[in-house]
Amino acid sequence: MSASMSVLAADGPSDPPISIDGNVDLAAQAALNGWEGDGSKNKPYVISGLSIKTDSPQPAIIVNNTTAHLIIADCLIAPNDPSATGDGYFYYPGIRFFNVTNTRISGLTATGFDHSIVLDSCRDVTIDNSTMSEAHMQGFLVSSSTHLTIENNTICGMHGNGLSLQSTDLSLIQLNNVSFNKGIGLDLDFVNSNNVIRWNLASTNGGYSYGHGMYLAGNGNVIYGNVFIGAGGKNSAPVRVGVYVTNTWSSPEGVGNYYGINYDSKTGLFGNLTGRPVASLTDADSNGIADGAYVISSDAPNDADHNPLMSPAFPPRDLRAAVSGDMVTLTWSEPLYTTCPIGHYVVSIDNGGRVSQHAVSGTSFVDQVEDPDSWTAITYTVRWVGKFLSSGPSNEAIGRNPDRPAVEIVSDMGVGKTTLGGITIWSNRSLDPRSVLVAWAGFDSNSDEMNYFLKVDNGPWMEMGHATNRTFSGLAEGGHIITVRAIDDDGNQIEDSKTFSVYQYIEMSLFCSPFLDDGKERLRVRGTAWDTVAGDPMAGLPIVLSYTVDGGQSWTFRTVTTGPDGSFQSDFGLEKGAIMGVTLVTETFDQNWAYHTFFENVTYVAMTLQDRDGIFLTQSTSMLSEFTYSSTMLRFTVDGDSGTSGSTSIIIPKSAVNGVDGIRMTLDGEPVDHSVSEEGDYWILTFNYSHSAHQVVVEIPSNRIFGILPPDLVPLIVLAMVGAVVAAGVGVFLFRRKRA
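Owing to the predicted nature of the structure, the values given are computational and were not obtained by experimental measurement.

Looking at the overall build of the protein
Across its full length, the protein holds two helices and 65 strands. Of all 740 residues assigned to the protein, the portion counted as buried reaches 50%. Partitioning the contacts of the protein with sequence separation of at least 6, the portion at a separation of at least 24 is 62%. Looking at the protein as shown, the accessible area adds up to about 33,300 Å², and 49% of this sits on carbon and sulfur atoms.

Some thoughts on a negative patch on the surface
A contiguous patch of negative charge on the surface is contributed by Asp448, Glu449, Asp489 and Asp490. Within the secondary structure layout, Asp490 lies in the loop between strand S44 (478–487) and strand S45 (493–502).

Considerations on the sheet that holds strand S11 (residues 131–133)
Within the open sheet, the five strands sit side by side as S3-S6-S8-S11-S14. Their pairing is parallel. The open sheet has two edge strands, strand S3 (51–54) and strand S14 (154–156), and neither has a second partner. The sheet shows a mean angle of 10° between the axes of neighbouring strands, direction not considered. Examined bridge by bridge, strand S6 (residues 76–79) and strand S8 (residues 109–111) share two bridges and lie parallel to one another. Paired with Ile77 across the two strands is Ala110, which belongs to S8.

Observations regarding the layout of surface pockets
In this structure, the largest pocket spans a volume of roughly 1,300 Å³. What lines the largest pocket is a set of 40 residues, among which Asp350, Thr379, Glu396, Glu408 and Lys498 lie closest to the centre. Counting only elements with at least two residues in the lining of the largest pocket, the list comes to strand S32 (343–351), strand S33 (354–360), strand S35 (377–386), strand S36 (397–400), strand S37 (406–409), strand S38 (415–420), strand S39 (423–428) and S45. With six residues, S45 is the single largest residue contributor to the lining of the largest pocket. Residue composition of the lining of the largest pocket, by class: 15 nonpolar, 15 polar and ten charged.

Describing unusual backbone geometry
Excluding glycine, a negative phi dihedral is what most residues carry, and trans is how most peptide bonds are arranged. Residue Pro57 is reached from Ser56 by a cis peptide bond, and omega for that bond is 5°. Tracing the backbone through its elements, the reader meets Pro57 in the loop between S3 and strand S4 (61–66). If you check the backbone angles, Asn129 has positive phi at about 50° while not being a glycine. You can call Asn129 partly exposed: its relative accessible area is 40%. Positive phi values are uncommon outside glycine, yet Leu175 reaches one of about 60°. Note on placement: Leu175 falls in the loop between strand S16 (172–174) and strand S17 (186–189).

So, the pairing of S35
The buried count for S35 comes to seven of ten residues, which makes it a mostly enclosed element. Note that S32 and S35 share eight bridges and pair antiparallel. Note that in S35 the partner of Tyr345 across the bridge is Trp384. Relative to S36, S35 runs antiparallel, the two being bridged by four bridges. The partner of Thr379 across the bridge, within S36, is Ile398.

Brief notes about the nonpolar core
In this structure, Phe97, Ile117, Leu119, Phe140, Met214, Phe228 and Trp249 are the most contacted members of the largest nonpolar core, which totals 64 residues. Of all the elements, strand S7 (residues 93–106) adds the most residues to this core, at four residues. Of all hydrophobic cores here, the second largest spans 20 residues; its members include Trp440, Tyr452, Val456 and Ile494.

Points about the pattern of salt bridges
Tallying each qualifying case throughout the model produces seven salt bridges. In this structure, the salt-bridge partner of Arg123 is Asp124, at a minimum N-O distance of 3.6 Å. The exposure class assigned to Arg123 is partly exposed, which follows from its relative accessible area of 40%. A salt bridge links Arg429 to Asp412; its shortest N-O distance comes to 3.5 Å. Taken together, the positions of Arg429 in the loop between S39 and strand S40 (436–443) and Asp412 in the loop between S37 and S38 put the pair 17 residues apart, joining distant regions of the chain. Overall, the relative accessible area of 44% leaves Arg429 in the partly exposed class. Taking relative accessible area as the criterion, Asp412 reaches 39% and is therefore assigned partly exposed.

Describing the pairing of S33
Across a regular strand the side chains alternate sides, sitting on one face of the sheet and then on the other. The pairing of S32 with S33 spans seven bridges and is antiparallel. Bridge pairing in S33 links Val347 to His358. Here S32 folds back onto S33 in antiparallel fashion, the turn holding two residues, of which Gly352 has a positive phi close to 65°.

Brief notes about helix H2 (residues 23–33)
Restricting attention to buried positions, one finds in H2 the residues Leu26, Gln29 and Ala30. Along the long axis of H2, the arc covered by the buried residues comes to 105°, so they all point the same way. H2 presents Val24, Ala31 and Leu32 as exposed residues on the side facing more than 90 degrees away from its buried surface. Immediately downstream of H2, the backbone of Gly34 shows phi near 75°, a positive value.

Some thoughts on the environment of Ser702
Here Ser702 lies in the loop between strand S62 (694–699) and strand S63 (714–716). Along the sequence, Ser702 and Thr632 sit 70 residues apart, while their C-alpha atoms lie 6.7 Å from each other.

Section: the sheet that holds S37
Strand pairing in a sheet takes place through backbone hydrogen bonds and is either antiparallel or parallel in direction. Pairing in this open sheet of three strands is antiparallel, and the strands run S37-S40-S43 from one edge to the other. Edge positions in the open sheet fall to S37 and strand S43 (469–472), since each of these has one partner strand only. On average, each strand axis in the sheet is inclined to that of its neighbour by 20°, with strand direction left out of account. Where S37 and S40 come together, four bridges link them in antiparallel fashion. Paired with Ala406 across the strands is Phe443, a residue of S40.

Brief notes about the packing of aromatic side chains
Counted according to the given criterion, the structure contains nine aromatic pairs. Judged by centre distance (5.0 Å) and plane angle (65°), the ring pair of Tyr345 and Trp384 falls under edge-to-face. Of this pair, Tyr345 sits in strand S32 while Trp384 is found in strand S35, placing the two residues 39 residues apart along the sequence. Summarising the burial analysis for this pair, Tyr345 and Trp384 share the class buried. The rings of Phe228, Tyr259 and Tyr294 are connected pair by pair, giving a single aromatic cluster. Sitting over the face of the ring of Phe443, Arg400 holds its NZ or CZ atom 5.2 Å from the ring centroid. Lying over the aromatic face of Tyr505, Arg434 brings its terminal NZ or CZ to 3.7 Å of the ring centre.

Conventions we followed
- Residues numbered from 1 in each chain as written.
- Predicted model: local features only at pLDDT ≥ 70, side-chain atom pairs only at ≥ 80, totals over all residues.
- Heavy atoms only, no water.
- Helix = DSSP H or I, 4+ residues; strand = E, 2+ residues; numbered from the N terminus.
- Buried < 20%, exposed > 50% of the residue type's maximum accessible area, 1.4 Å probe, protein only.
- Contact = heavy atoms within 4.5 Å.
- Areas by Shrake-Rupley, 256 points an atom, 1.4 Å probe, with all protein chains shown as cover.
- Patch = residues over 30% accessible without salt bridge, like charges linked within 9 Å, V, L, I, M, F, W, Y side chains within 5 Å.
- Salt bridge = Lys/Arg side-chain N within 4 Å of Asp/Glu carboxyl O.
- Lys, Arg positive; Asp, Glu negative; His and termini not counted.
- Charge placed at Lys NZ, Arg CZ, Asp CG, Glu CD.
- Pairing = 2+ DSSP bridges.
- Axes fitted to C-alpha atoms, helices over the stretch in contact; angles between N-to-C directions.
- 1 Å grid on protein atoms, 1.4 Å probe; cavity = no way out; pocket = protein on both sides within 12 Å on 5 of 7 lines; lining within 4 Å.
- Points joined across faces, edges and corners; volume = space filled by probe spheres on them.
- Nonpolar A, V, L, I, M, F, W, Y, C, P; charged D, E, K, R; others polar.
- Core = buried A, V, L, I, M, F, W, Y, C linked by side-chain atoms within 4.5 Å.
- Arc of directions from axis to C-beta.
- Phe/Tyr/Trp six-rings, centres within 6.5 Å; stacked < 30°, edge-to-face > 60°.
- Lys NZ or Arg CZ within 6 Å of the ring centre and 35° of its normal.

So, in structure tokens, the structure goes:
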């Protein structure tokens, strides 16, 4: 299309417009201009190769009242002024036919005008293999006509609807690309009946709020194999129909249509041409046909597609590779369903990184292998390429050299492949440096088992014996290459390599401690962040502290930055009677521009014991619940995922006790060993356990407490817990008991 448009834009001579009225006039002009043919069916008149530019309102070609056979082929038409329009609805078309039969327009390129083509009261007219664009109104307008064939056309970029049919019947509309128009793609209004509409693409027409793939008013139409895409807004759908119409929406073989949307309301952007299936369609058995019918419109309850397709283009099936010497014979089956029968297959060949493609008309292909003495394994895929859409690739088939060993790294190493709407999307992700699994598979027809060697980057080879996987930990942030070498019984060897990347993993130590500042209680959150693998402190790392003083109804965010030694600190005021939660989070992004979020997996519960100075804290990697406490006892439950371990610390202010000797801890009634350490003005008592639900009791001897009061157990409802159970966050909760 672009080449034809450049011819029209050139400052060259224009052929004169053509105006024909009746068979006699057509014969006279044919003789005058030397047009081929005599108007019979076997020798039609032929007008070809013209380039016509006109001024409004003069059409490039007018034909009225003819029955003689006529072909208009390979012509270029455009207005001298691309912005020119006429004074009425039909006043400035590129081509206008009235009461015309037995005529074909083929290979036309039309840009501009009010309408590219207007047909009125015509019969047995064919429009094919033409390109129409940039019309100011409807691109292709047909009214009161019958027995038309409209096929293999591209109708795009119109300021109104793409293809508009009004009161037209018994016509074939197939293999047209009607997309990127500002109105409706296929607009069949004013009762169009008994037409066959198949294998068309209508996508990205109109906008989010208006612009269907097709609008249909009429009965008895047969519609199948089409790809209808709407933006997805309230008034923009793949298809809309008139009230109480009845049509057939699948072929006799049970092939329906594809209905998709391609507008993302979150980003405000249109996606790819084929979009995604409408949300109401699912395919539980993965057979390519949706589980239920697609109801076109509630206004037409009898109009429903009972075989809606789940993909706009289906790939070939059952690809197989048979090796004989240095020749590999491929065979495959046709796609399960087709939305375009015109096209060909493309075979892709990957021979150790040397990639080639071959167009094929049938369902088999023979590959004569290059370098027959050195090839090991060749990977093949095949896809269907239709007129407007291509399918995704078939299954892979591998041809292996029976005389040479082969090895393949089968781990994806962070490379993902997704097929969406018949389009393959590749993505890369970085791996967790703490655990990178590398798995491989070997093949050799003459060896029972092969020996494997493995290396990372330029490091030494590691002997793996017959093992077929290895997990690495502690890999440095950034890109790496993993290489596997296989050696068969005859000493032949082969290698396979893959590149991958790992992201930086950050760990944080965290400590929360209450303190008095000018007589007011405050909470200090301080800690250190470092690179897990390298062990280096993370200087200049932004850390977000989000905190609440109303039980999580609202949150305030505060950002702190680590110092040169990786440390950070922030203080919060503690209001009397407040319940305060704090969550700590930091993020980094890797070389694939993906973010990784890190939490410190610690839970804090802060409380003031009855009539005691200072605030007691419980710190744990478990979920804490069912708290009761008195002046001499803490009792609570710890819980976590079975099979994991937990750790809990009791942080006791030195102002409240005169030592920690004799403090007794039990786990489910049994004494548990604990360690003792000091942190500023606090004693820290820590014990470990395997996760399941455990009851913990901490008893403080009365002779260790400044000022003894009788025990008075108080039940405590924990409003929220963050930790191993909820996003591995950090929570600090203050419970102040009112004095009598």
